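# Understanding the architecture of this molecule
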Amino acid sequence: MTTLRKIFLRREAGIAVMIVLFCLAVGAVKPQFLTLDQLRIILLLTPLVMIGAMGQMLVIVARHVDLSIGSMLGVSAMVSGMLYRYDATWFGVDMPWWGGIPISIVVGALLGLGNGLLITLFRLPAIIVTLGTLSLYRGLTFIISNAKQIDRQWIPSELKGLAQTSPIMGIPWIIFIAFGVALATYFFAMHTRVGRQIFALGSNPVAAPLRGIKVNQVTLLVFAISGALSGLAGILYASRWGFVNPSNTGSGFEFQVIAAVVIGGASINGGVGTVLGTVLGVLLLGCVSAALPLLGIPGTSQAAIYGAVILIALVIDRSVRQQGIASLKRARA
Amino acid sequence: MTDTAVAPLISARGIGKTFATVDVLRDVDLDLLPGEIHALLGENGAGKSTFAKILAGVHRPTRGSIALNGKPVEVTSPVVAQKLGITLIHQEPISFPDLSVAENLVIGAAEDGWFSRVPWAEMTREANRLMDLLGVRIDVTRPMRGLSIADQQMVEIARALASNSRLIIMDEPTAPLTPREVETLFAIARKLRDEGRTIVFISHRLEEVRALCDRVTIFRDGNKIATDTIGNLSDADIIRLMIGRPVKEYMHKTGATIGEVALEVEGLTLPGVFSDISFSVRKGEIVGLGGLVGAGRTDVAKAIFGVTPAASGTVSINGKRVSITDPSQAIALGLAFVPEDRAVAGIFRTLSVEQNISVAVPKQLAPGGFIRRAVERAMGEDAVRKLSIRLASLRQPIGELSGGNQQKAILARWLLTDPGVLILDEPTRGIDIGVKAEFYSIIGELAAQGRAILLISSELPELLALCDRVLVMSEGRLTADIPRSRATQEAVMRAAVPRRSTTEGAAA
Amino acid sequence: MSTTKTAPAQADSSPVRPRWQTLLIRPETMTFMLLVVGVFGGSVLSPFFLDLSYILRSFTLYSELAIVALVLTMVIIAGEIDLSPAANMALSACIFAWAQASGVPIPLAIVIGLLSGLAMGALNAFLVIGLQLPSIIVTIGTLTLFRGLAQVLAGDKSIRVPEWFIGVDKIMLAGIPLPVVLFIVLAIGLGIVLGGTIFGRNIYQIGTNEVAARHAGIRSARIKSSLFLLVGLVASVAGIMTASRLGSVRYDIAAGGELQMVLMAMLGGTYIFGGRGTILGTFLAAWLLVIVSTGMIVANVLPAVQLVVLGGLLIVAIIATNLIYSRTQR
């Protein structure tokens, strides 16, 4: 009776098959889609979303949702960008090129902690809180930057190099960073006590406190992680695109990330989600994004695809759950 | 095993519990010995489950003290109970369905830091060891979801062993199990007892208690009535102690003239819940539906009313076959249903009393499409007068009223629809004695007006005093139809208590 | 103290609160007082605030969102949420504009726009009520989808509408711009429906306790579906009005509008967990929001700070509303 297990195995296998079929189909029309160059393009589209998706997956597993990640990305990228711009005049010592990485992560973590505090302290629904902070943090980005963009010349070239130079096989550093984050999330989620408690909490929030799980602290941690990873995505945005813009940087990020997470099999009913599934979900979206220009479909249709993907994933999730319930009933009968 | 020779594992003294203003447990003294299986018996609401939950930290006692191995302890939460070595196993275990069996055994229990590694291999090994110990074959790496109830219970028992519990409380564990699963459970319980652990076993099934337990304690109306070695008590003794209360003539049944069949149910079946239920209720007749909690009585009522329609079978109202798939259709056909769980399915807690009363009669309330406040007020005042509902204002939230008055308001809601058939599901649960008597006379009057009444109740005296006939359900089947003249507490109990041997015989 | 506390516990109900007290601690009262403070503060800041026509003109900028917020209030009272109407506005405006640009006569194009809005509402209703999916996530999905489809349709360009169709906000009825009139009329209409009809009452009952509502014969699925449909329809009306006001349609009209709509409802004291709230509250909150936003513009506050204020206000509003309700109700 490992039906459910098989389904979940199938779920990840299913996404993998979808990726392959999609690539073959596109490749049949446009053979250049199936080249190594194209693979690099696809991979380059994914690192930011992948990092954000790891945090969002944990949030969704804990039965919440975080809409503010794009704005947290913006603030933390902007803080680092400002420091790069002003370091000569503001600090006696030069900020090292990598200084923005810890700074953005810490800024993001603090913003995420703010979300978590509002949610746990006042028992508010995460969706409304993060809808509010989505706006609030975006405004903050404008305020600290005085609505001015951080241009290319201020971003250290070593930082930009992370997105261009490669340690091996022409694959740039940020892709390794993204996969490193995925690996770290895997270890965190599967092999630490608190990681498992996140799954327990999402799986049965009523039972969690009865078994000694500190619900508020775990929730805070989850939102702080979501913030910290948005922060990391923020500094990598600066690296990847070479600028930080108060209005564009990170806007709409949440929808790409949520789409990737739900197509990756994380259940909106909490307790279910895997790093592998999420990685595959991110890659699938990456393939779709890369295929659009080749197929002559304007890039403007991306958002619609994300929306459709979210809805389709929700419907799939529901039918998986119903099969689970049906198999449970059969087991009882 | 004699009471004096062994020092008790648990000594409870003077335990009392009050919910709101109702005493559900009074001054209970009980010693549980190491190495015994101790049954708690009693009717529904007698207080046995409350007592068990106090031991397990689910409820805090209002009065009294508990000592563990002679030392006084405060069992403030289930987590504390677990640390003290006390585990409560619910009938339908609470678990984390998405986590593996092995994880469910230990999650939350470990004291070490947040970021310490989860020792998967060791955890799995330990879980397998416990399963071997219990002699059950469950793949501990699979998720909890999808396990049968019996297996989930085994996992709970394993969890008790993992935390080395000295006291394991099983709250009606056998109800959802098959006979073979019950045998397995009993074998394990005996084994645990022989290891010197204490098992508290809550059940309605006398045979099971007799087969398994060493001593029994009988509860009635929140009091401990007796504790004795099982061998000293006959079945008749136990049933007498459980019901014992003299049958007070709560009410005189006013002689309603019994007329045509108003509600007729034939072959109603919902697989896994109830099957082949057939009965009828005539105009002016009060038909009781007795049985134990979980026998499927409420499900039958919900099926008739269209909340959860049955899979097959027919319902006829006044001789006409009808199909009811939604409560609104039932109401249109003149049915009314006072549900068992007031807070969940009855009241709109934060809304005004008058809104709660007028909700089922939209057409009377708003003849031209707009709500007429005067009509609503008149409805409310009328109900307050007729049912003597005590309240400060019709506009106050119904949640501020006492349980009895909330229930009266719900009854008033249905009387406005002038129903031909009334289904009352535990209408007097959680209501003071004085108000109960009022309810009984109201129910009698309703029957006298020629309404058909189906009364679901777990209180035997209530059924016997009020009903013209008593139907009894057990494990999803109708097991008896007893006319008033032959209805006794013993007769109803006998039909309500499932008998393993007979069900097995029937299944064979 | 304990004796006086326990004695009434034996009585059958707690004493009723004085009428004035129940009135005073309603969230709408808070909104109204903030509105008075806002107007007063604004008039100190700038004489414009005593000029009614100036305020009315400012309101037209928010009237489309405010109109949708009225219906959204009913959805939230019924215990659901809809984050998609702002995107719906954009998509139905784009469909309308695209239709008329491809030669469809304007009246027909309007009908097409309205039907598309209704269809979007129907999609939400199907997913939330038919498939029993949580409205929070569903409408995040449909919000992305609708906005995305608008972008597919319009691209990065703006679609112009004919000259004569421009300027719904310039039409005056008794000195009041038409969109504001529409808002007021709709507020009165929905206020009567919500407060005075069985339909409205059922919305509160479903939001308070859906199980009890079903047991009392209320067809909750039907009522909730009709609310999602109504949001869809009204959003498309708002979208087409926006097209007329702006004179052209882009995919990003009403961008971020979901925040302002939810904010109007929350600021007006609608309870995020359902069962409570009034049209009056949202009506007042819409004016409050206009006063605050206009005040910030008059005071030369950066648009960015306005974003912070709006976001902060949303959070403060739900905290305050939750507190008020938990104080007055056990």
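## Considering the overall build of chain C
- Check the secondary structure of chain C and you find 14 helices and four strands.
- The C-alpha radius of gyration computed for chain C amounts to 21 Å, which stays within 12% of the reference 20 Å derived for 330 residues, consistent with globular compactness.
- Dimensions of chain C, computed from C-alpha atoms along their principal axes, come out at roughly 80 × 55 × 35 Å.

## Focus: the sheet that holds strand β6 (residues 86-89) of chain B
Residue and element names in this part refer to chain B.
- The six strands lie next to each other as β6-β7-β8-β3-β9-β10, forming an open sheet whose pairing is mixed. Where the open sheet ends on each side, the last strands, each with one partner, are β6 and β10 (223-229). Shown here is a sheet whose adjacent strand axes are inclined to one another by a mean of 15 degrees, direction ignored.
- For strand β9 (residues 215-220) and β10, the ladder comprises six bridges, and the chain directions are antiparallel. Residue Arg220 lies in a different strand from β10, and its bridge partner there is Asn223.
- Relative to β6, helix α5 (residues 149-162) is tilted by about 175 degrees, and along the sheet it contacts β6 and β7 (167-171).

## A short note on the pairing of strand β13 (residues 286-291) of chain B
- For β13 of chain B, the buried fraction is high: six of the six residues fall into the buried class.
- In β13 of chain B, alternate side chains face the same way, and those of Ile286, Gly288 and Gly290 of chain B on one face and Val287, Leu289 and Gly291 of chain B on the other are all buried.

## So, the interface of chain A and chain C
- In this assembly, 37 residues from chain A lie in contact with 36 residues from chain C.
- Going through the elements one at a time, α6 (126-145), α12 (253-263) and α14 (302-332) of chain A are the ones with two or more residues in the side of chain A that touches chain C.
- Among the elements that make up the side of chain A that touches chain C, the one with the highest residue count is α6 of chain A (14 residues).
- For the side of chain A that touches chain C, the residue count by class is 28 nonpolar, seven polar and two charged.

## What to know about unusual backbone geometry
All names here are of chain B.
- A positive phi angle is found at Glu172, which is not glycine, with a value near 45 degrees.
- Mapped onto the elements of the fold, Glu172 is located in the loop between β7 and α6 (179-194).
- Classification of Glu172 as buried rests on a count of 20 C-beta atoms within 10 Å.
- Phi at Asp418 is positive, roughly 50 degrees, even though this residue is not glycine.

## Some thoughts on the sheet that holds strand β20 (residues 477-483) of chain B
Residues and elements named next belong to chain B.
- Pairing is mixed in the open sheet, where six strands are placed in the order β16-β17-β18-β13-β19-β20. On the outer flanks of this sheet lie β16 (335-338) and β20, each paired with one strand and no other. Recorded for the sheet is a direction-independent mean angle of 15 degrees between the axes of neighbouring strands.
- Where strand β17 (residues 421-425) and strand β18 (residues 452-456) come together, five bridges link them in parallel fashion. Among the inter-strand pairings, Ile423 is bridged to a residue of β18, identified as Leu454.
- The sheet strands contacting helix α9 (residues 297-305) are β13, β16, β17, β18 and β19 (469-474), and the helix crosses β17 at an angle near 150 degrees.

## Describing helix α18 (residues 489-496) of chain B
Residue and element names in this part refer to chain B.
- Within α18, the full set of buried residues consists of Gln489, Val492, Met493, Ala495 and Ala496. For α18, the angular spread of the buried residues around the axis is 165 degrees, confining them to a single face.
- Each element contacted by the buried residues of α18 is listed here: α8 (235-243), β13, α17 (460-466), β19 and β20.

## Things to note about the environment of Met241 of chain C
All names here are of chain C.
- With respect to the helices and strands, Met241 occurs in helix α11 (residues 220-246).
- Residue classification places Met241 among the buried positions, given that 21 C-beta atoms sit within 10 Å.
- Spatially, the C-alpha atom of Met241 lies 7.1 Å from that of Glu64, the residues being 177 residues apart in sequence.
- When near neighbours in sequence (up to four residues on either side) are disregarded, Met241 contacts Glu64, Val168 and Pro179.

## As for the pairing of β18 of chain B
Residues and elements named next belong to chain B.
- Of all five residues making up β18, five are buried, and the element is well covered by its neighbours.
- Of the strand pairs in this sheet, β13 and β18 are connected by four bridges, and their pairing is parallel. Residue pairing for β18: Ile286 is matched across the bridge by Ile453.

## Quick notes on the environment of Glu163 of chain C
Residues and elements named next belong to chain C.
- Summarising the element assignment, Glu163 is placed in the loop between β1 (159-160) and β2 (172-173).
- Given 8 C-beta atoms within 10 Å, Glu163 falls into the exposed group.
- Spatially, the C-alpha atoms of Glu163 and Gly232 are 27 Å apart, while their sequence positions differ by 69 residues.

## Details of the environment of Leu52 of chain C
- Relative to the helices and strands, Leu52 of chain C resides in helix α4 (residues 52-77).
- Leu52 of chain C sits 124 residues away from Ile176 of chain C along the chain, and the two C-alpha atoms are 9.7 Å apart.

## Comments concerning the packing of helix α5 (residues 85-101) of chain C against α11 of chain C
All names here are of chain C.
- Look at α5 against α11: their axes get within 7 Å of each other, and the N-to-C directions meet at 60 degrees. Considering their axes alone, α5 and α11 lie oblique with respect to each other. In this structure, α5 crosses over α11, and the sense of that crossing is right-handed. The segment α5 lies against α11, with Pro85, Asn88, Met89, Ala90, Ser92, Ala93, Phe96 and Ala97 engaging Val231, Gly232, Ala235, Ser236, Ala238, Gly239, Ile240, Thr242 and Ala243.
- Taken together, the residues that form the contact of α5 with α11 break down as 11 nonpolar, six polar and no charged.

## Regarding α8 of chain B
- Residues of α8 of chain B that are buried: Ile238, Met242 and Ile243 of chain B. Projected down its long axis, α8 of chain B carries its buried residues within an arc of 115 degrees, all on one side.

## With respect to the packing of α5 of chain C against helix α6 (residues 106-130) of chain C
All names here are of chain C.
- Across the interface, α5 lies against α6 with an axial gap of 8 Å and an inter-helix angle of 150 degrees. In this view, α5 runs roughly antiparallel relative to α6, as classed from their interaxial angle. Considering only the axes of α5 and α6, their crossing is right-handed. Facing α5, whose interface residues are Asn88, Leu91, Ser92, Ala93, Ile95, Phe96, Ala99 and Gln100, α6 presents Ile106, Ala109, Ile110, Ile112, Gly113, Ser116, Gly117 and Met120.

## Considering the nonpolar core
- Grouped together as the largest cluster of nonpolar side chains are 379 residues, with contacts concentrated most on Ile453 and Leu455 of chain B together with Val68, Ala90, Cys94, Leu263 and Leu314 of chain C.
- The residue makeup of this core includes at least three contributed by each of domain 1 (10-243) and domain 2 (261-507) of chain B.
- The contacts of Val68 of chain C, once residues within four sequence positions are left out, are Pro85, Val231, Val234, Ala235, Ala238 and Met261 of chain C.

## Topic: the confidence of the model for chain C
All names here are of chain C.
- Per-residue pLDDT for chain C averages 86, and the proportion of residues at 70 or more is 92%.
- Across residues 1-14, where pLDDT falls below 50, the model places 18 contacts with residues more than four positions away in sequence or in other chains.
- Across the predicted assembly, pTM comes out at 0.85 and ipTM at 0.82.

Thresholds, definitions, all that
Residues numbered from 1 in each chain as written. Chains lettered and ligands numbered in written order. Predicted model: local features only at pLDDT ≥ 70, side-chain atom pairs only at ≥ 80, totals over all residues. Helix = DSSP H or I, 4+ residues; strand = E, 2+ residues; numbered from the N terminus. Rg over C-alpha atoms; globule rule 2.2 N^0.38 Å. Pairing = 2+ DSSP bridges. Axes fitted to C-alpha atoms, helices over the stretch in contact; angles between N-to-C directions. Contact = placed C-beta atoms within 7 Å. Buried ≥ 20, exposed ≤ 12 C-beta atoms within 10 Å, placed from the backbone. Nonpolar A, V, L, I, M, F, W, Y, C, P; charged D, E, K, R; others polar. Arc of directions from axis to C-beta. Parallel < 35°, antiparallel > 145°, perpendicular 65-115°, else oblique. Left-handed = near helix turned anticlockwise from the far one by under 90°. Core = buried A, V, L, I, M, F, W, Y, C linked by C-beta atoms within 7 Å. Domains from an automatic or database assignment. pLDDT = per-residue confidence, 0-100.

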